[in-house]
Amino acid sequence: MIEIEKKYKLPEKLFKQLKEELPFCYFQYKNVVEKNTLFSGNQLQSGEVLRVREELEYDSDVVITVAYKGLATYNNGNKSRLEVEFDTSQDSVYDFLNLLGYTPTLTYEKKRRYYSVEGEHFCVCLDELPYGYYLEIEGSERDIEINEKSIEKNFRIKLEPEELSYPSLTQL
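Bear in mind the structure is a predicted one, so any value in this text is a computation, not a measurement.

When helices and strands are counted, the protein chain shows four helices and nine strands. Helices and strands in the protein chain line up, N terminus first, as β-α-β-β-β-β-β-α-β-β-β-α-α. Computed over the C-alpha atoms, the radius of gyration of the protein chain is 16 Å, within 12% of the 16 Å expected from 2.2 N^0.38 for a compact globule of 172 residues. In the protein chain, buried positions account for 45% of the 172 residues. By sequence separation, contacts in the protein chain at least 24 residues apart represent 62% of the contacts at least 6 residues apart. Within the structure as shown, the protein chain displays about 10000 Å² of accessible surface, and the carbon and sulfur contribution to it stands at 50%. The positive charge centre, built from 22 side chains, and the negative charge centre, built from 32, are 6 Å apart in the protein chain.

Time to look at helix α1 (residues 12-21). Of the positions making up α1, those classed as buried are L14, F15 and L18. Across the axial projection of α1, the buried residues extend over an arc of 105°, all falling on one side. Pointing more than 90 degrees away from the buried face of α1 are the exposed residues K13 and E20. Of the surrounding elements, those touching the buried residues of α1 are β1 (2-10), β7 (103-116), β8 (123-129), β9 (132-138) and α3 (141-155).

With that out of the way, let us pick up the environment of Y102. Relative to the helices and strands, Y102 resides in the loop between α2 (93-99) and β7. It is 34 Å that separates the C-alpha atoms of Y102 and L10, two residues lying 92 residues apart in sequence.

Below, the discussion takes up unusual backbone geometry. Leaving glycine out, the prevailing phi sign among residues is negative, and the prevailing peptide bond configuration is trans. Phi angles above zero are rare outside glycine, and N76 is one such case at about 55°. Among the structural elements, N76 can be located in the loop between β5 (73-75) and β6 (78-88). Residue N76 is classed as exposed on the basis of its relative accessible area of 64%. Notably, R156 is not glycine yet its phi reads approximately 50°, a positive angle. Here R156 is to be found in the loop between α3 and α4 (166-170).

Applying the stated criterion to the full structure yields 15 salt bridges. E3 is the salt-bridge partner of K69, the closest N and O atoms lying 3.0 Å from each other. One end of the pair, K69, is in strand β4 (residues 62-69); the other, E3, is in strand β1, with 66 residues separating them in the sequence. When its relative accessible area of 4% is taken as the criterion, E3 is described as buried. Salt-bridge contacts for E83 lead to K69; the nearest nitrogen and oxygen are separated by 3.1 Å.

Right, let's get into the packing of aromatic side chains. Applying the stated criterion to the full structure yields five aromatic pairs. Between F15 and Y133, the aromatic rings sit 4.6 Å apart at their centres with planes inclined by 45°, giving tilted as the arrangement. Linking F15 in helix α1 with Y133 in strand β9, this pair joins segments that are 118 residues apart in sequence. Exposure remark for Y133: the relative accessible area of 18% places this residue in the buried category. An aromatic cluster of at least three residues, connected via ring pairs, comprises Y131, Y134 and Y166. In this structure, K7 is placed above the aromatic ring of Y166, and the distance from its NZ or CZ to the ring centre is 4.2 Å. Its guanidinium or amino end placed over the ring of Y114, K30 lies 5.1 Å from that ring's centre, counting from NZ or CZ.

About the thresholds
Residues numbered from 1 in each chain as written. Predicted model: local features only at pLDDT ≥ 70, side-chain atom pairs only at ≥ 80, totals over all residues. Heavy atoms only, no water. Helix = DSSP H or I, 4+ residues; strand = E, 2+ residues; numbered from the N terminus. Rg over C-alpha atoms; globule rule 2.2 N^0.38 Å. Buried < 20%, exposed > 50% of the residue type's maximum accessible area, 1.4 Å probe, protein only. Contact = heavy atoms within 4.5 Å. Areas by Shrake-Rupley, 256 points an atom, 1.4 Å probe, with all protein chains shown as cover. Lys, Arg positive; Asp, Glu negative; His and termini not counted. Charge placed at Lys NZ, Arg CZ, Asp CG, Glu CD. Arc of directions from axis to C-beta. Salt bridge = Lys/Arg side-chain N within 4 Å of Asp/Glu carboxyl O. Phe/Tyr/Trp six-rings, centres within 6.5 Å; stacked < 30°, edge-to-face > 60°. Lys NZ or Arg CZ within 6 Å of the ring centre and 35° of its normal.

What follows is the structure in structure tokens.
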């Protein structure tokens, strides 16, 4: 599957305003805390990502997702890349990856609120990390453009894309 996403850095005041008001624009949302661990190994090219994500939804069990992300391309601020992922309930996946020669190189956490509309194939996310606040839209290029314009119009703002990945921002 090809993942297409666009991310924007937000000032804290706007982040809090969006967090309060976006539920009125989208019908569903959920809060999660994510712990993301990135791995390196000889089989990965520079720019490819092997990630294990532990996602804790409030009042729920931890979901562990293993993902491979291919090399990214950019078009009008949209980042596209091949993504293959699967869920597992086994935290032994860390041992498994270590046995295959992959080693953890970076771990970072974020608080995320997902917004979605039932039956649609996009999501709008608000992410809180130790170094800042972000809005991320994931879906087709058209879904991203429509949601971006809607948020800009409804909140009277101009969103500026952030091309650095969270791992890159974590290491600054």
